[in-house]
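What follows is each chain in one-letter form.
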Amino acid sequence: MPKKGLLERLRDGVVTGDGGYVMALEKRGFVKAGNWTPEAVIEHPEAVKQLHREFLLAGSDVLQTFTFFSTDDMLDIKNGQKFSCSQLNDNACRLAHEVAAEGDALVAGGITHSQAYLQGKGKAEVQAVARAQLAALMKNKVDFLIVEYYNIIEEIEWAIEEAKKCGLPVAASMCIGKEGDVTGVSPGDCAVRMARAGADVVGVNCLFDPIMTIDAIRLMKEALDAQGLRPFLMTQPNGFFSTGTDRYGYLSCPEYPLALESRTVTRFDVHKYARAAYDLGVRYIGGCCGFEPYHVRAIAEELAEERGKLPASSAKHEPWGAGIWNSKYQFISARANREHWENLVPATGRPGPASSHFKELQ
Ligand SMILES: [Zn+2]
């Protein structure tokens, strides 16, 4: 039986995205921080497949090809063109397809911004770089396209226009917060322009935490509604708290990118994010950097009723801590209840104040 496509799934219910690949694979030793390029799809395919598999078991309805920053101009600067965009994307597609076939997941072919726009090369050249990324994705028959991690609206408009020529559904997502893109265009205007450029799904990914991402998508929705536009909405926030940062989000944090652990959101924070996103009308709900498989499972568990199922990895996890009822220590088994975890304000474990700003979503 053919797989149900993205737009059909979004019309019928909610789609759980996957999490972040570059950050997770950097911690495991397969990606170089600063480069963030995906040579691991050739050098360590088993590591990439394992992460895909963990996201699948956690409830991801989509596996995104690990093709981040896979543009020939970016690869040239960052790794001396050890592998080409085409080689990397071919392998990334194969790995995503192999794991997606273990379940019912769709394969999303991802493209990202290149150097060309910032170098002032103009529309034709910027679209040529996008076309090169898309060629391998199309050859390898991905199910739909994600155009993501752009912080300039004009650049993503050009990429959406190019992606739409492929004839697949296009999800477009900018790495912006409520302040808008780096040229000062508001999230609302960005959303309207992405929809008018032809994106079937519009939203935000990366750079900002779940709270700030909800703020941004709310502004996008208001602007789209005001214009009578109805694209599906998507959110794939970072799994790191970034409150107080500027329009570059967590890149501005002094802990970025090597010491972000104390900013990591908990699975229970993710429950609140998933519910807030769903209630706002977002139907593609996933994560980006910092979202590990257990965070994705929290999305799927929070939305179990809407999805009509629990993810496979919930077999080893009872929601809201219920599974620890049989601890040999009473002071631990006493935490086997939703009230404890829902109201917990985690300490950092370090001298100084505990982080409590996720209270804003309650
Ligand atoms: Zn990210």
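- Within an unreviewed UniProt entry, the label attached to the protein reads Betaine--homocysteine S-methyltransferase 1, and the organism entered is Penaeus vannamei.
- Taken from UniProt, the Pathway (unreviewed entry) comment for the protein reads in full: "Amino-acid biosynthesis; L-methionine biosynthesis via de novo pathway; L-methionine from L-homocysteine (BhmT route): step 1/1."

Here we look at the coordination of the zinc ion
In an ideal tetrahedron of four donors about a metal, each angle is 109.5 degrees. In an ideal octahedron of six donors, the angles are 90 or 180 degrees.
And then number 1: Around the zinc ion, the donor atoms from the protein are Cys206 (SG), Cys288 (SG) and Cys289 (SG), and they sit 2.1 to 2.3 Å away.
And then number 2: Mapping the donors of the zinc ion onto the primary sequence yields the spacing C-x81-C-C. In this pair, Cys206 is assigned in the loop between strand E6 (201-205) and helix H10 (210-226) and Cys288 in the loop between strand E8 (284-285) and helix H12 (293-302), connecting sequence segments 82 residues apart.
And then number 3: Exposure remark for Cys206: the relative accessible area of 4% places this residue in the buried category.

Let's talk about the packing of helix H4 (residues 45-58) against helix H6 (residues 85-100)
And then number 1: Axis separation between H4 and H6 bottoms out at 9 Å; the angle between their running directions is 40 degrees. Here H4 is positioned oblique relative to H6, judged by the angle of their axes. Of the two possible hands of crossing, H4 and H6 adopt the one that is right-handed. Contacts from Pro45, Val48, Lys49, His52, Arg53 and Leu56 of H4 reach H6 at Leu95, Ala96, Glu98 and Val99.
And then number 2: Across the contact of H4 with H6, the residue classes break down as six nonpolar, one polar and three charged.

Regarding the domain arrangement of the protein
And then number 1: Splitting the protein by domain gives domain 1 (6-310) and domain 2 (318-362).
And then number 2: Measuring from the centre of the C-alpha atoms in domain 1 to the corresponding centre in domain 2 gives 29 Å.

So, the UniProt feature "binding site: Zn(2+)" (unreviewed entry) in the protein
And then number 1: In the numbering used here, UniProt assigns the feature "binding site: Zn(2+)" (unreviewed entry) to Cys206, Cys288 and Cys289. Taken together, the annotated residues stretch across 84 residues yet fold into one region, lying no more than 6.3 Å apart by C-alpha. Considering only the annotated residues already named, the ones lining the largest cavity are Cys206, Cys288 and Cys289.
And then number 2: Cys206 has contacts with Tyr149, Cys175, Gln236, Pro237, Asn238, Tyr250, Cys288 and Cys289, leaving out every residue within four places of it along the chain.
And then number 3: Residue class for Cys288 comes out buried when judged on its relative accessible area of 12%.
And then number 4: Apart from residues lying up to four places away in sequence, Cys288 is in contact with Gly19, Gly20, Asn205, Cys206, Gln236, Pro237 and Asn238.

Brief notes about H6
And then number 1: Helix length check: H6, at 16 residues, gives a terminal C-alpha distance of 22 Å against a target of 22 Å (1.5 Å per residue), a fit within 8%.
And then number 2: Every buried residue of H6 is accounted for by Cys85, Leu88, Asn89, Asn91, Ala92, Cys93, Leu95, Ala96, Val99 and Ala100.

Regarding the pattern of salt bridges
And then number 1: Under the defined criterion, the tally for this structure stands at 23 salt bridges.
And then number 2: As a salt-bridge pair, Lys82 and Glu43 come within 2.6 Å of each other at their nearest N and O atoms. With Lys82 in the loop between helix H5 (72-79) and H6 and Glu43 in helix H3 (residues 40-43), this pair connects stretches of sequence that are 39 residues apart.
And then number 3: By relative accessible area, which is 52% here, Lys82 ends up exposed.
And then number 4: For the salt bridge of Glu157 with Arg193, the shortest nitrogen-to-oxygen distance reads 2.8 Å. Here Glu157, found in helix H8 (residues 153-164), pairs with Arg193, found in helix H9 (residues 187-196); they are 36 residues apart in sequence, far enough to count as distant.
And then number 5: Linked through salt bridges whose partners overlap, the residues forming this network are Arg28, Glu54 and Glu292.

Cut-offs and rules
Residues numbered from 1 in each chain as written. Predicted model: local features only at pLDDT ≥ 70, side-chain atom pairs only at ≥ 80, totals over all residues. Heavy atoms only, no water. UniProt positions renumbered as here; feature names shortened; annotations may be inferred. Donors = N, O, S within 2.8 Å, 3.2 Å for Na, K, Ca; no water. Helix = DSSP H or I, 4+ residues; strand = E, 2+ residues; numbered from the N terminus. Buried < 20%, exposed > 50% of the residue type's maximum accessible area, 1.4 Å probe, protein only. Axes fitted to C-alpha atoms, helices over the stretch in contact; angles between N-to-C directions. Parallel < 35°, antiparallel > 145°, perpendicular 65-115°, else oblique. Left-handed = near helix turned anticlockwise from the far one by under 90°. Contact = heavy atoms within 4.5 Å. Nonpolar A, V, L, I, M, F, W, Y, C, P; charged D, E, K, R; others polar. Domains from an automatic or database assignment. 1 Å grid on protein atoms, 1.4 Å probe; cavity = no way out; pocket = protein on both sides within 12 Å on 5 of 7 lines; lining within 4 Å. Expected span 1.5 Å × (residues − 1). Salt bridge = Lys/Arg side-chain N within 4 Å of Asp/Glu carboxyl O.

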